[in-house]
Amino acid sequence: MRIAIVTDSTAYLTPEERARYNIHMIPLSVNLEDGSYEEEVEITSSEFYDKVRNQKQFPKTTQPAVGKFVELFNELSKDYDDVISIHLSSGISGTFQGAVQAGQMVDGITVYTFDSEISCAPQGLYAIKAAEMSKQGASVEQIMSTLEEMKSTMDAYFVVDDLTHLQRGGRLSSAAALVGGLLQVKPILTFDNKAIVPFEKIRTKKKALRRVEELLAKSAQEHERLQATVIHANCEEEGREWMKQLAESYPNVEFSLSYFGPVIGTHLGEASLGLGWVKKI
Ligand code: MYR
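For clarity, every value in this text was computed on a predicted model and none was experimentally measured.

**Q** What is the right way to look at the sheet that holds strand E2 (residues 23–26) in this model?
**A** Strand pairing in a sheet is mediated by backbone hydrogen bonds. Such pairs are either parallel or antiparallel. What the four strands build is an open sheet, ordered E2-E1-E6-E7; its pairing is parallel. Each edge of the open sheet is held by one strand with a lone partner, namely E2 and strand E7 (110–115). With direction set aside, neighbouring strand axes in the sheet form an average angle of 25°. Pairing analysis gives six bridges linking strand E6 (residues 82–87) to E7, with the strands arranged parallel. Looking at the pairing, Ser85 lines up with Thr113 of E7. Helix H6 (residues 140–151) contacts strand E1 (3–8), E6 and E7 of the sheet and is inclined by roughly 5° relative to E7.

Set out below in structure tokens:
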């Protein structure tokens, strides 16, 4: 059985990674004052953050149209029997549901959808694992069950500079932000049951990052080997420096650096930092 692997742009896999692992990508879009752009195709991250700084309105985001999924799946049906389509959490975007709908509309190829219940680099780790297994001849069932196994140790925490981006985009309820008094502090955010939730309130970004490190340390003690990614929103130097410090302290953790691109950056804002990890299997 030939199995194609699809993920959406919010995994922020580089073109080299996509080519190396033969991963197909469907883009989400950002809507700016001067038009709509498919991220990773028509606009880069730094172009996006520059444009946003110079415009008055707040950007918006759009999931891929179901028709785009149908087009992609039909194209893949020429070379593959099955597709595993891996997407950002269904609790924050309708993208996953769009893939499910499109999967029911195509013939000649079976579409299996996987809700990552997260996004960004952690989502990319699922896609890479699936692609490696597909190349080695694993079945759909084996791949899906490995992805589920990964889910049990997948964790991510992130710290935003300004919580209003998340509130405005409706991805963190105003109630959660206000009742918790989060606007005055640097809350650590995470995913719970597919949605973004405040994890802990901390006074400063520095202390928040220290706390995230403690959470990583706990996981690094529990598991023999971890794969971790530092994720930055247009603050590469800060992200790289944090990654360097962490890498010196946790020799059993394999680190990489990734970014919050235009779509996720719309909801988190510039200068956000995140750390995701999973047990290496
Ligand atoms: C859409 O318009 O469908 C896209 C909505 C994207 C919402 C993004 C919310 C922030 C996600 C943060 C992910 C952090 C992962 C480590």
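On we go.
**Q** I'm lost on the pattern of salt bridges in this one. Help?
**A** Pairs may arise between side chains of opposite charge once their charged atoms sit close together. Taken as a whole, this structure holds 15 salt bridges when the rule is applied. Among the salt bridges present, the one from Lys78 reaches Glu75, with a minimum N-O distance of 3.0 Å. In this structure Glu75 comes out as partly exposed when scored by relative accessible area, which is 46%. Among the charged side chains, a network of salt bridges with common partners joins Asp50, Arg53 and Glu270.

**Q** Looking at this structure, how should I read the layout of surface pockets?
**A** Using a probe with the size of a water molecule, rolled over the atoms, empty space left in the structure can be pinpointed. For the largest pocket, the calculated volume is near 500 Å³. Forming the boundary of the largest pocket are 27 residues, of which Glu17, Leu125, Ile128, Gln227 and Ser256 lie nearest the centre. Looking at the lining of the largest pocket, the elements that each hand over two or more residues are helix H1 (15–21), helix H5 (120–135), strand E11 (226–232), strand E12 (253–259) and strand E13 (273–279). Here the residues of the lining of the largest pocket sort into 14 nonpolar, six polar and seven charged. Split by domain, the lining of the largest pocket shows at least three residues from each of two domains, domain 1 (3–28 + 63–151) and domain 2 (155–279). Counted as a void, the second largest pocket has a volume near 290 Å³. Put simply, the parts of the chain that give the lining of the second largest pocket at least two residues each are strand E5 (60–62), H5, strand E8 (155–159), helix H11 (262–268) and E13.

Rules behind the numbers
- Residues numbered from 1 in each chain as written.
- Predicted model: local features only at pLDDT ≥ 70, side-chain atom pairs only at ≥ 80, totals over all residues.
- Heavy atoms only, no water.
- Pairing = 2+ DSSP bridges.
- Helix = DSSP H or I, 4+ residues; strand = E, 2+ residues; numbered from the N terminus.
- Axes fitted to C-alpha atoms, helices over the stretch in contact; angles between N-to-C directions.
- Contact = heavy atoms within 4.5 Å.
- Salt bridge = Lys/Arg side-chain N within 4 Å of Asp/Glu carboxyl O.
- Buried < 20%, exposed > 50% of the residue type's maximum accessible area, 1.4 Å probe, protein only.
- 1 Å grid on protein atoms, 1.4 Å probe; cavity = no way out; pocket = protein on both sides within 12 Å on 5 of 7 lines; lining within 4 Å.
- Points joined across faces, edges and corners; volume = space filled by probe spheres on them.
- Nonpolar A, V, L, I, M, F, W, Y, C, P; charged D, E, K, R; others polar.
- Domains from an automatic or database assignment.

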